[in-house]
Amino acid sequence: MGEKPLTDAERKRQISLRRLPIVEGVNSLKEAFNRHLHYSLVKDRNVATKRDYFASLAHTVKDKLVGKWIRTQQAYYEKDPKRVYYLSLEYYMGRALTNTMINLGIQGECDEAMYQLGLEMEELEEVEEDAGLGNGGLGRLAACFLDSLATLGYAAYGYGIRYEYGIFKQAIDDQGNQIELPDDWLKFGCPWEKARPEYMIPVQFYGKVESDVTGKTQRWVDTTTVYAMPYDQPIPGYGNNTCNTMRLWAAKSPKSFDLSYFNGGDYIKAVLDRNVAENISRVLYPNDNFFEGKELRLKQQYFMVSATLTDIVRRYKAPKFGSRQAVRTTFEDFPDKVAIQLNDTHPSLAIPELMRVFLDVEKLSWDKAWDICVKTFSYTNHTVLPEALERWPVHMLEYILPRHLQIIYEINALFLKEVSEKWPGDMERMRRMSLVEEGPEKRINMSHLCIVGSHAINGVAALHSELLKISVFKDFYEMFPEKFQNKTNGVTPRRWLVLCNPGLSDLICEKIGEGWITDLSQLRKLEKYVNDKNFKHAVMRSKQENKIRLADFIKKEYGIDVNVSSIFDVQVKRIHEYKRQLMNCLHVLILYNRLKANPDMEFVPRTVMIGGKAAPGYYMAKLIIKLFNSIAKVVNNDPIIGDKLKLVFLENYRVSLAEKVIPAADLSEQISLAGTEASGTGNMKFMMNGALTIGTLDGANVEMREEMGNENIFIFGMTVDEVNSLRAKGYKPMDYYDNNTELRKAINQIRDNHFSPTEPGAFQDIVNSLLNHDRFLLMGDFDAYVKCQERVSEVFQDSDHWHSMAIMNVASSGKFSSDRTIKQYADEIWGVKPLSTSEVKTVRGK
């Protein structure tokens, strides 16, 4: 336990040497690296910085990728397969360097080349900024899906926005408050992207709709134009020749300057007007499961879908290589060549936009255009929270997108006619199902638009998909039962095991080979090693090394010494009341109070880590962060407590930090109220890395338990039915406060400023929420949670048993590969087939 673990770079070097990298390959990498340092960056070793060395290495690795990238696109034109277009407002990509090296199979050679040049690979990897293109599970899922689409060989494109600034960089001030700092992730450029100005596309806003003399033909006129500039990034598949494209749009002004201002001497006004247009892609809005109808957000959504659909139609009509004639002049084959997946409702304007293109530009009839649209679109829902569902004000749509509002009204009128024919006279049902919600402010329900305009609707876990059918979209399920499906989420094992946990990955490869990396179901072969003492000891040692590495990071970043023999108890995700980080805080207070009352009690040490960002305008979430940090300040500095209990807030949680935290975790907290978390993907990453889960029967936890068995997971709390039953009979949080001495003391300490002596009343709103409202029934589940945590401590003391459970978690995680999820989408929704590696490889250069 006291031995210094190998660094990731040292481990990779050992592995690379064991696999005997080709000397010629290492030499060519060194030559390319030096060439880029000199000719791309115009530096030499005397003046070059670590950032320069990172950029040189990134360009060197990208060189290895370009040939595959070009050949893949050639293959798609030559073979003309049905293509998948994944539309998402977020892609939480993280860093690209290590992932690209792994997928190309050159990680060992690159590491050896840097070693011979006297450079430390680990230091270069740390230079890369996390791409500021997403935040939370929806964006990370999109990133995993792109990896799987390329690895499985599907012709696919990811479309989104090239945000100049990410959501924000999180800092914590001395009072424990979250501070939002600009996430200027593009400050030093992005070596992976390629601008494509030749494919720049005009996008229209505002204006008005005119009819011809017949009243049948509509024209959208007097619009304002913004240009969408595409930036392409390569998405390499693992161990194959496929390299797909993520195309991100940046807003550009249609003119450099307004010459009327410029000639009048108002140079500043000319520049500012240009900036207004380009603000569309300036910053990522936080996705905090609360919809706000901001004009800029609506413009972002339409900007992305308009540019994307123009690009899709262009590609559909484009000639093959060497041909001067358009391949297609009609749209009969459009659904056979194009599948568009809407990642939540954010890209939902794609439906009226494609209708506009078909009707106004391509002159199709309404019936033909609508039939093609429905066959082309499919929709993934990511939430059951009513406040998260997008409902855009009619007045805003009328002002910004008048033609689209007109089309939505027509879609709604025809749809309600179908409803009335199926349920004559049921006006209440028609009101519930209408795309247009009447009220003080008339709004368009975008999830209803997605359901009506798509041929498939899916939830992202079995429980979530069932809840959509029986509650959120019950009326629509009764009308379109054939549309509704489940596609349980998954994560890519390349990043979330091979990349982030090389020690465990290497142990698995030694036991069962490398086939699991692209077929995660093969991890089941590990079950026979659950009681193998040597394997178990090796897994335990790997986990301990990961914990020591994380402890070193925590000491360096936060100045906190943590006990590496303690339970590393981790809850990392966006801060939101439904995820119940507050329950975790109250449990910490129970442990603290028990230790204070009896310092010599038998106690299993814990290091409790919480990480995540709160949306800037989400008051309660930010207050929960402050509370945890305020408790941490007291607990971490109490000499009676010592290293038995430590609290760490993982500041600015992001993909690259997750890659350090997840492999080191012993316990994963997935404690949302049953029926509120759509799926979760963090739970899958922890499971895959041998952490045990404490959780409710919510989201994918249900299916995780099915895969590993109830004996290998810590389940507590109410089921969905029990939650509904308790609410129906009248939930009274004060009853739990009155009847639970420890809970009452913890809440009183918060109320009485024990953790905020210089800020009286700082946390009164938390207390009021718990005792008077408690929307997510934290108090109702709390006693069961504490008892379950006691069981966690008891099992942790039996190291042999704990690690047998950990190995079973890893062995049972095969279902939760994004490869499996994507294959189900491909077979059951998109109707697409992969191109083989040989088909991509053999295409001739043109």
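Here is what the cut-offs are and how they apply
- Residues numbered from 1 in each chain as written.
- Predicted model: local features only at pLDDT ≥ 70, side-chain atom pairs only at ≥ 80, totals over all residues.
- Heavy atoms only, no water.
- Helix = DSSP H or I, 4+ residues; strand = E, 2+ residues; numbered from the N terminus.
- Rg over C-alpha atoms; globule rule 2.2 N^0.38 Å.
- Buried < 20%, exposed > 50% of the residue type's maximum accessible area, 1.4 Å probe, protein only.
- Contact = heavy atoms within 4.5 Å.
- Areas by Shrake-Rupley, 256 points an atom, 1.4 Å probe, with all protein chains shown as cover.
- Lys, Arg positive; Asp, Glu negative; His and termini not counted.
- Charge placed at Lys NZ, Arg CZ, Asp CG, Glu CD.
- Pairing = 2+ DSSP bridges.
- pLDDT = per-residue confidence, 0-100.
- Salt bridge = Lys/Arg side-chain N within 4 Å of Asp/Glu carboxyl O.
- UniProt positions renumbered as here; feature names shortened; annotations may be inferred.
- Disulfide = S-S within 2.5 Å.
- Expected span 1.5 Å × (residues − 1).
- Domains from an automatic or database assignment.
- Buried area = accessible area lost by both parts, 1.4 Å probe.
- Polar contact = N/O pair within 3.5 Å; in protein donor to acceptor, adjacent residues only side chain to side chain.
- Phe/Tyr/Trp six-rings, centres within 6.5 Å; stacked < 30°, edge-to-face > 60°.

So, about the overall build of the protein chain. What the protein chain contains, in helices and strands, is 35 helices and 23 strands. Whereas a compact globule of 846 residues would reach a radius of gyration of roughly 28 Å, the protein chain reaches 28 Å, a difference of no more than 12%. Along the first, second and third principal axes, the C-alpha atoms of the protein chain reach 90 × 75 × 65 Å. Within the protein chain, the proportion of its 846 residues that are buried is 62%. In the protein chain, the proportion of contacts linking residues at least 24 apart, taken out of those at least 6 apart, comes to 77%. Accessible surface, the protein chain as shown: approximately 32600 Å² in total, 50% of it carbon and sulfur. Within the protein chain, one finds 109 positive and 112 negative side-chain charges whose respective centroids are separated by 4 Å.

A large share of strand β20 (residues 645-650) lies buried, amounting to six of its six residues. Burial along β20 is two-sided: the face carrying Leu-645, Leu-647 and Phe-649 and the face carrying Lys-646, Val-648 and Leu-650 are both buried. Bridge count for strand β19 (residues 606-611) against β20 is six bridges, and the pairing is parallel. Looking at β20, one finds that Arg-606 is bridged to Leu-645.

Mapped onto the elements of the fold, Thr-821 is located in helix α34 (residues 818-830). Beyond its immediate stretch of four places on either side in the chain, Thr-821 contacts Phe-145, Lys-487, Thr-488, Asn-489 and Gly-490.

What follows deals with the environment of Met-601. With respect to the element layout, Met-601 can be found in the loop between α23 (581-597) and β19. Met-601 sits in the partly exposed class, given a relative accessible area of 24%. Sequence-distant contacts of Met-601, defined by excluding residues within four places in its chain, comprise Arg-594 and Leu-595.

Attention shifts here to the confidence of the model for the protein chain. Per-residue confidence for the protein chain gives a mean pLDDT of 94, with 93% of residues at or over 70. Segment residues 16-21: pLDDT under 50, and 10 contacts once partners within four positions in sequence are set aside and those in other chains are kept.

Turning our eyes to something else, we now look at the pattern of salt bridges. Applying the stated criterion across every chain, the model contains 57 salt bridges. The salt bridge partner of Arg-95 is Glu-126, with a shortest N-O separation of 3.4 Å. Here Arg-95 is found in the loop between β1 (83-87) and α4 (97-104), whereas its partner Glu-126 is found in helix α6 (residues 121-127), with 31 residues between them in sequence. When its relative accessible area of 13% is taken as the criterion, Arg-95 is described as buried. A salt bridge links Lys-579 to Glu-677; the nearest nitrogen and oxygen atoms lie 2.8 Å apart. Of this pair, Lys-579 sits in the loop between β18 (567-572) and α23 while Glu-677 sits in the loop between β21 (667-670) and α26 (682-688), placing them 98 residues apart in sequence. Summarising the burial analysis for this pair, Lys-579 and Glu-677 share the class buried. Connected via shared salt-bridge partners are Arg-196, Asp-232, Arg-247, Asp-311, Arg-314 and Arg-315.

A few words now on the UniProt feature "modified residue: N6-(pyridoxal phosphate)lysine" (unreviewed entry) in the protein chain. Mapped onto the present numbering, the UniProt feature "modified residue: N6-(pyridoxal phosphate)lysine" (unreviewed entry) falls at Lys-685. By the element assignment, Lys-685 lies in helix α26. Apart from the residues lying within four places of it in its own chain, the contact partners of Lys-685 are Arg-140, Val-491, Trp-496 and Ile-662.

Overall, the coordinates contain zero disulfides when judged by the stated rule. The thiol of Cys-373 is unpaired, and the distance to the nearest cysteine sulfur, on Cys-450, comes to 12 Å. The thiol of Cys-788 is unpaired, and the distance to the nearest cysteine sulfur, on Cys-585, comes to 18 Å. Judged by its relative accessible area of 4%, Cys-788 falls in the buried class.

For the rest of this paragraph, the subject is the sheet that holds strand β23 (residues 714-715). Each strand in a sheet pairs with another by means of backbone hydrogen bonds, the pair being arranged parallel or else antiparallel. As summarised here, the arrangement of the six strands in space is β20-β19-β18-β21-β22-β23, forming an open sheet in which the pairing is parallel. Only two strands of the sheet have a single partner each, and these edge strands are β20 and β23. Where β18 meets β19, six bridges bridge the pair, whose relative direction is parallel. What sits directly across from Val-572, in β19, is Gly-611.

With 23 residues, helix α10 (residues 295-317) should reach 33 Å at 1.5 Å per residue; the first-to-last C-alpha distance of 33 Å fits that figure. Of all 23 residues in α10, 18 are buried, a share of seventy percent or more.

Next up on the list: the pairing of strand β7 (residues 208-211). Sheet topology places β7 next to strand β8 (residues 218-221); four bridges connect them, and they run antiparallel. By the bridge assignment, Lys-208 is partnered in β8 with Val-221. From the end of β7 to the start of β8, which pair antiparallel, there are six residues, and Gly-215 there has a positive phi angle of about 80 degrees.

Moving on to the domain arrangement of the protein chain. As assigned here, the protein chain comprises domain 1 (80-94 + 130-489) and domain 2 (502-715 + 794-816). If you look at the interface, domain 1 gives 40 residues, while domain 2 gives 40 residues. Both sides of the domain 1 and domain 2 interface together cover about 3000 Å² of buried area, and 56% of this is carbon and sulfur. At the boundary of domain 1 with domain 2, the tally comes to one salt bridge. Across the pair Lys-622 and Glu-180 runs a salt bridge whose closest N-O atoms are separated by 2.8 Å. On inspection of domain 1 and its partner domain 2, the count reaches 14 residue pairs in polar contact (both at pLDDT 80 or more). Sorting the residues of the side of domain 1 that touches domain 2 by element identifies α7 (137-151), β3 (169-172), β4 (178-181) and α18 (462-472) as the ones contributing at least two each.

Strand order in this open sheet of three strands is β13-β15-β14, and the pairing throughout is antiparallel. Each edge of the open sheet is held by one strand with a lone partner, namely β13 (391-393) and β14 (436-437).

Think of a pair of aromatic rings as described by two things: how far the centres are apart, and how the planes are tilted against each other in angle. Under the definition given, this model contains 31 aromatic pairs. Relative to Tyr-157, the ring of Tyr-85 has its centre 5.3 Å away and its plane inclined at 15 degrees; by these criteria the two rings are stacked. One end of the pair, Tyr-85, is in strand β1; the other, Tyr-157, is in strand β2 (residues 156-161), and 72 residues separate them in sequence. According to the relative accessible area criterion, Tyr-85 is buried, its value standing at 2%. Owing to a relative accessible area of 3%, Tyr-157 belongs among the buried residues under this scheme.

Tracing the sequence through the fold places Ser-447 in helix α17 (residues 446-452). Judged by its relative accessible area of 0%, Ser-447 is buried. What Ser-447 contacts, discounting residues up to four positions off in sequence, is Thr-345, Tyr-379, Leu-389, Glu-390 and Phe-473.

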